[in-house]
There are 2 protein chains.
Amino acid sequence: MVSSIDVAKLAGVSQATVSRVLNDPDKVNKPTLDKVNAAIRQLNYRPNAAARSLISRKSGVIAIVSGPLDNPDNAEFTNETIKRIQERGFIAEIHLQDSSNPESVLLSVQNTQAEGIILGSIVIDEIAIAKLKKTGIPLMFFDMEPAANEHTVSLDNRLAGAAAAEYISSLNHSNVGWLGGEPSESHLQLRYQGFQECAKANNMNILRAMAAIDDLDAPLSAMLARKERPTAIIAATDMIAYRAMDFLVDYGYRIPDDISLLGIGNAPLSAMSYMNLSSIGISGDRDIYSDGVDRLVKAIEEGSANKSVEMKYAPVLFERNSTRKI
Amino acid sequence: MVSSIDVAKLAGVSQATVSRVLNDPDKVNKPTLDKVNAAIRQLNYRPNAAARSLISRKSGVIAIVSGPLDNPDNAEFTNETIKRIQERGFIAEIHLQDSSNPESVLLSVQNTQAEGIILGSIVIDEIAIAKLKKTGIPLMFFDMEPAANEHTVSLDNRLAGAAAAEYISSLNHSNVGWLGGEPSESHLQLRYQGFQECAKANNMNILRAMAAIDDLDAPLSAMLARKERPTAIIAATDMIAYRAMDFLVDYGYRIPDDISLLGIGNAPLSAMSYMNLSSIGISGDRDIYSDGVDRLVKAIEEGSANKSVEMKYAPVLFERNSTRKI
DNA sequence: CTGTTAGCGCTTTCAC
DNA sequence: GTGAAAGCGCTAACAG
């Protein structure tokens, strides 16, 4: 490995001058600067990041913890977050959660050299999260409801559930199904709570099917096997709605003619013509990702003394062709 | 920040012993070990990664360079690659390419502390790639055809193009459209070359539309405006095929009744019922991601002296419902 | 403007 | 089995 000492020797200057050329070129005489730069190029020198961050106590890294990227929701979250991280001059380090072993990533990320950690809509293990907090690294939660007093950015999930109920009710559906949301997915539980309260107030009849996204067929079958089928299904996430759509089409249903389908989250795919999924989401002119990353960067720069901020965004209806009035 | 010295003081041992507890617990007496571990927990101590890698000259990081994750192809590539990287005990660092400024990521990744770099199907800037090579960091290209002598993993793109032509010809289509592939996307160019050669040999008539994926409407319109419309369209990637499907449905075509659609790459989404896209891809029992990451890890461990390896995978037809015989 | 020097937190000989 | 001491490559005073 070529070090700044090698460069210094070749350029005939001290090692400190090489360092200056890198960090404060203005403080170096033009001829010296040129000599050093020439040596740097000639030796193909790249400063050692480890040595730098050993001194600066900064890694320049922000870690992201996300679920698998084959879920478009996660892919979007990760994509947008990385972009913001790069824009702000940090490097993004990713830790993917394995659904078969959800807590392991929470454990391994504790050893990260990252200056901040962004957690996407993942399965939470409270104990692991508690340990993570103890590291003192600023945390930022997206679309999650961790134990209080943490930085949070999300759709107002309870309101979103209520908005779903309100909308479906306005379409005259009274016999409705709720699909998805495992106990560990706290944000989906909140969506359901909001939905359920508002649906009750509107005298709607709810069939609820809690289920993992990969295990939707049985609960859907059970729902549709009833004599009184739901005329509308609300999916806890758009991704769940896609799966449901797949299932419903296979079973001969037309959407929305036979059954209305409403998602929550308004994932990008939902707007495509072949999906055309009505959904409850955050208004398109809010940039929750910038808001979240900005807040995290601020927390990093200010040190840990600052108190946490919860940012909740009001739900908006995106009406498309998967729902209809009856 | 709490250092190993703090731990040593609290435990009443030397700093070196703390280090041993971390790296070679067997070489430490049980009572001492317990004392130190207690101190570690009490102080919430986490070893400084920068100091460690300064000595070991290892960062334990592998960088991934990919296009935006809103493209499912990229999301799949990134997802699978990260998984393999994690499984092998490395940390994944991601650099996303911005389509409006494709070379900037190639420049910024040169400053990475990563021990290896994996490049997904991105837009290549030859000069930037050349500079990247000069860093001496082992490189691994997925689905790309960089200037020779680099580690490479990919579908045999030329053969895949030929297989597409062969298949479409077997379905009796003779008037066909080819969609997508910009000059900078070398792997797509190869697909087209293979297709074109084989199509010619089968006396097929080709309408070719080179276009960026976000700019498909005009070339598709032009293609379909002709008196002799193609009866089949081959998309350079599955993602392009999805967009085309979207467009075709909008314009009143039924697939495959009015027009057959064939993708290349066999992206996971293609197998979903609502897509059901026939595609040419790599056999499902090959794990190209493990192959690629394993090779890269080997290159990292062996040092740079090893010569590069090209892994090309034979194309396989995945016949679904978007294509039909005429 | 440039060189000398002292560490950053850790691993790793080398003594004891 | 444990401690003392020497750096890893770099930045940041401090002199000159």
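Residues numbered from 1 in each chain as written. Chains lettered and ligands numbered in written order. Predicted model: local features only at pLDDT ≥ 70, side-chain atom pairs only at ≥ 80, totals over all residues. Heavy atoms only, no water.

As recorded by an unreviewed UniProt entry, chain A carries the name LacI family DNA-binding transcriptional regulator and is attributed to Planomicrobium okeanokoites.

A. Representation of the overall build of chain A in the model. Check the secondary structure of chain A and you find twelve helices and twelve strands. What you see for chain A is a C-alpha radius of gyration of 25 Å, clearly larger than the 20 Å of a compact globule of 326 residues, by over 25%. Along the three orthogonal principal directions, the C-alpha set of chain A runs to about 90 × 40 × 35 Å. Sorting the 326 residues of chain A into buried and exposed places 52% on the buried side. For chain A, long-range pairs separated by at least 24 residues make up 68% of all intrachain contacts whose partners lie at least 6 apart in sequence. By element, 48% of the accessible surface of chain A is carried by carbon and sulfur atoms, the whole surface being about 14500 Å². (Helix = DSSP H or I, 4+ residues; strand = E, 2+ residues; numbered from the N terminus. Rg over C-alpha atoms; globule rule 2.2 N^0.38 Å. Buried < 20%, exposed > 50% of the residue type's maximum accessible area, 1.4 Å probe, protein only. Contact = heavy atoms within 4.5 Å. Areas by Shrake-Rupley, 256 points an atom, 1.4 Å probe, with all protein chains shown as cover.)

B. How the structure looks around the protein's contact with DNA strand C. Around DNA strand C, a shell composed of 26 residues is seen, among which Arg20, Thr32 and Arg57 of chain A together with Ser4 and Tyr45 of chain B lie nearest. A distance of 2.8 Å separates a phosphate oxygen of DNA strand C from a polar backbone atom of Asn29 of chain A. Interatomic distance of 3.0 Å between a side-chain N/O atom of Asn23 of chain B and a phosphate oxygen of DNA strand C. Elements that contribute at least two residues to the surface near DNA strand C include exactly helix 2 (15–23) and helix 4 (49–56) of chain A together with helix 2 (15–23) and helix 4 (49–56) of chain B. Ranked by residues supplied to the surface near DNA strand C, first place goes to helix 2 of chain B with five residues. Among the residues making up the surface near DNA strand C, the classes are represented as eleven nonpolar, ten polar and five charged. (Near = heavy atom within 4 Å. Polar contact = N/O pair within 3.5 Å; in protein donor to acceptor, adjacent residues only side chain to side chain. Nonpolar A, V, L, I, M, F, W, Y, C, P; charged D, E, K, R; others polar.)

C. Expanded view of helix 8 (residues 157–170) of chain B. Residue and element names in this part refer to chain B. If you check helix 8, its first and last C-alpha atoms are 20 Å apart, about what 14 residues at 1.5 Å a residue would give, namely 20 Å. Within the sequence span of helix 8, burial applies to Asn157, Ala160, Gly161, Ala162, Ala164, Ala165, Tyr167, Ile168 and Ser169. After helix 8 finishes, the residue Asn172 shows a positive phi value of roughly 75°. (Expected span 1.5 Å × (residues − 1).)

D. Spotlight on the protein's contact with DNA strand D. Of all residues adjacent to DNA strand D, which total 26 residues, the nearest are Ser4 and Tyr45 of chain A together with Arg20, Thr32 and Arg57 of chain B. When atoms of DNA strand D within 4 Å of the protein are sorted by moiety, sugar and phosphate together comprise 63%. Between DNA strand D and the protein, one listed contact pairs a phosphate oxygen with a backbone N or O atom of Asn48 of chain A at 3.1 Å. Note that a phosphate oxygen of DNA strand D is positioned 2.9 Å from one of the backbone N or O atoms of Ser14 of chain B.

E. How the structure looks around the interface of chain A and chain B. In this assembly, 40 residues from chain A lie in contact with 40 residues from chain B. A buried area of about 3500 Å², summed over both sides, lies between chain A and chain B, and 56% of it is on carbon and sulfur atoms. For the pair chain A and chain B, the number of links is zero salt bridges. Here chain A and chain B share twelve residue pairs in polar contact (both at pLDDT 80 or more) between them. Listing elements by their share of the side of chain A that touches chain B, those giving two or more residues are helix 4, helix 5 (72–87), strand 2 (91–96) and helix 11 (238–250) of chain A. Tallying contributions element by element places strand 2 of chain A first for the side of chain A that touches chain B, with six residues. When its residues are assigned to classes, the side of chain A that touches chain B shows 19 nonpolar, 13 polar and eight charged. (Buried area = accessible area lost by both parts, 1.4 Å probe. Salt bridge = Lys/Arg side-chain N within 4 Å of Asp/Glu carboxyl O.)

F. Spotlight on a negative patch on the surface. Where like charges cluster on the molecular surface, the negative patch consists of Glu182, Asp215, Asp217 and Asp250 of chain A. Examined against the element boundaries, Asp215 of chain A turns out to sit in the loop between strand 7 (205–209) and helix 10 (217–225). (Patch = residues over 30% accessible without salt bridge, like charges linked within 9 Å, V, L, I, M, F, W, Y side chains within 5 Å. Lys, Arg positive; Asp, Glu negative; His and termini not counted. Charge placed at Lys NZ, Arg CZ, Asp CG, Glu CD.)

G. Region of the structure containing the UniProt feature "domain: HTH lacI-type" (unreviewed entry) in chain A. Per the UniProt record, the feature "domain: HTH lacI-type" (unreviewed entry) sits at residues 2–56 of chain A. Secondary structure across residues 2–56 of chain A comprises 71% helix and 0% strand; the distance between its end C-alpha atoms is 21 Å. (UniProt positions renumbered as here; feature names shortened; annotations may be inferred.)

H. Examining the environment of Leu277 of chain B more closely. Residues and elements named next belong to chain B. Along the polypeptide, Leu277 turns up in the loop between strand 9 (260–264) and strand 10 (278–282). Leu277 sits in the buried class, given a relative accessible area of 0%. Sequence spacing of Leu277 and Ser322 is 45 residues, and the spatial spacing of their C-alpha atoms is 5.1 Å. Aside from chain neighbours lying at most four places away, what touches Leu277 is Asp238, Ala241, Tyr242, Met245, Leu261, Gly263, Ser270, Phe318, Arg320 and Ser322.

I. Summary view of the packing of aromatic side chains. Residue and element names in this part refer to chain A. Within this structure, the stated rule accounts for twelve aromatic pairs over all chains. Between Phe142 and Tyr289 the ring centres are 5.7 Å apart and the planes differ by 15°, which places this aromatic pair in the stacked class. Here the residue Phe142 occupies a position in strand 4 (residues 139–142), and Tyr289 occupies one in helix 12 (residues 288–302), the gap between them amounting to 147 residues. Across the pair, Tyr289 and Phe142 agree in class, each one buried. Seen in terms of ring centroids, Trp178 and Phe195 are 4.9 Å apart; in terms of plane orientation they differ by 35°. Their pairing is tilted. (Phe/Tyr/Trp six-rings, centres within 6.5 Å; stacked < 30°, edge-to-face > 60°.)

J. Looking closely at the packing of helix 10 of chain A against helix 11 of chain A. All names here are of chain A. Helix 11 packs onto helix 10 with a crossing angle of 55° between their chain directions and a minimal axis gap of 11 Å. By the angle between their directions, the pair helix 10 and helix 11 is classed as oblique. Two packed elements cross with a definite hand, and for helix 10 against helix 11 that hand is right-handed. For the pair helix 10 and helix 11, the contacting residues are Asp217, Leu220, Ser221 and Leu224 in the first and Ala244, Phe247 and Leu248 in the second. (Axes fitted to C-alpha atoms, helices over the stretch in contact; angles between N-to-C directions. Parallel < 35°, antiparallel > 145°, perpendicular 65-115°, else oblique. Left-handed = near helix turned anticlockwise from the far one by under 90°.)

K. Spatial organisation of the relation of the copies chain A and chain B. Once turned by 180° and shifted 0.0 Å along the axis, chain A lies on chain B with an RMSD of 0.1 Å. Here the copies are linked by what is in effect a two-fold axis. When the interface residues of chain A are mapped onto chain B, 100% of them again fall at the interface, so both copies present the same face. (Least-squares fit on C-alpha atoms with pLDDT ≥ 70 in both.)

L. Spotlight on the sheet that holds strand 5 (residues 151–155) of chain A. Spatially, twelve strands are ordered 11(A)-5(A)-4(A)-3(A)-1(A)-2(A)-2(B)-1(B)-3(B)-4(B)-5(B)-11(B) in an open sheet, and the strand pairing comes out mixed. Of all strands in the sheet, those with a lone pairing partner are strand 11 (310–313) of chain A together with strand 11 (310–313) of chain B, marking the two edges. Sheet twist, expressed as the mean angle between neighbouring strand axes with direction ignored, is 20°. Two strands pair when backbone bridges link them, and strand 5 of chain A and strand 11 of chain A are joined in this way by four bridges, in the parallel orientation. What sits directly across from Thr152 of chain A, in strand 11 of chain A, is Glu310 of chain A. (Pairing = 2+ DSSP bridges.)

M. Region of the structure containing the pairing of strand 9 (residues 260–264) of chain A. All names here are of chain A. Burial within strand 9 is extensive, with five of its five residues counted as buried. Here strand 8 (residues 232–235) runs beside strand 9; their pairing, made up of three bridges, is parallel. In the sheet register, Ile234 faces strand 9, and the bridge partner there is Leu262. Handedness of the crossover is the feature at issue here: the chain leaves strand 8, passes through helix 11, returns alongside strand 9, and the resulting connection is right-handed. Relative to strand 10 (residues 278–282), strand 9 runs parallel, the two being bridged by three bridges. The residue bridging Gly263 from the neighbouring strand is Ser279, located in strand 10. (Right-handed = clockwise from strand over helix to strand, strands pointing away.)

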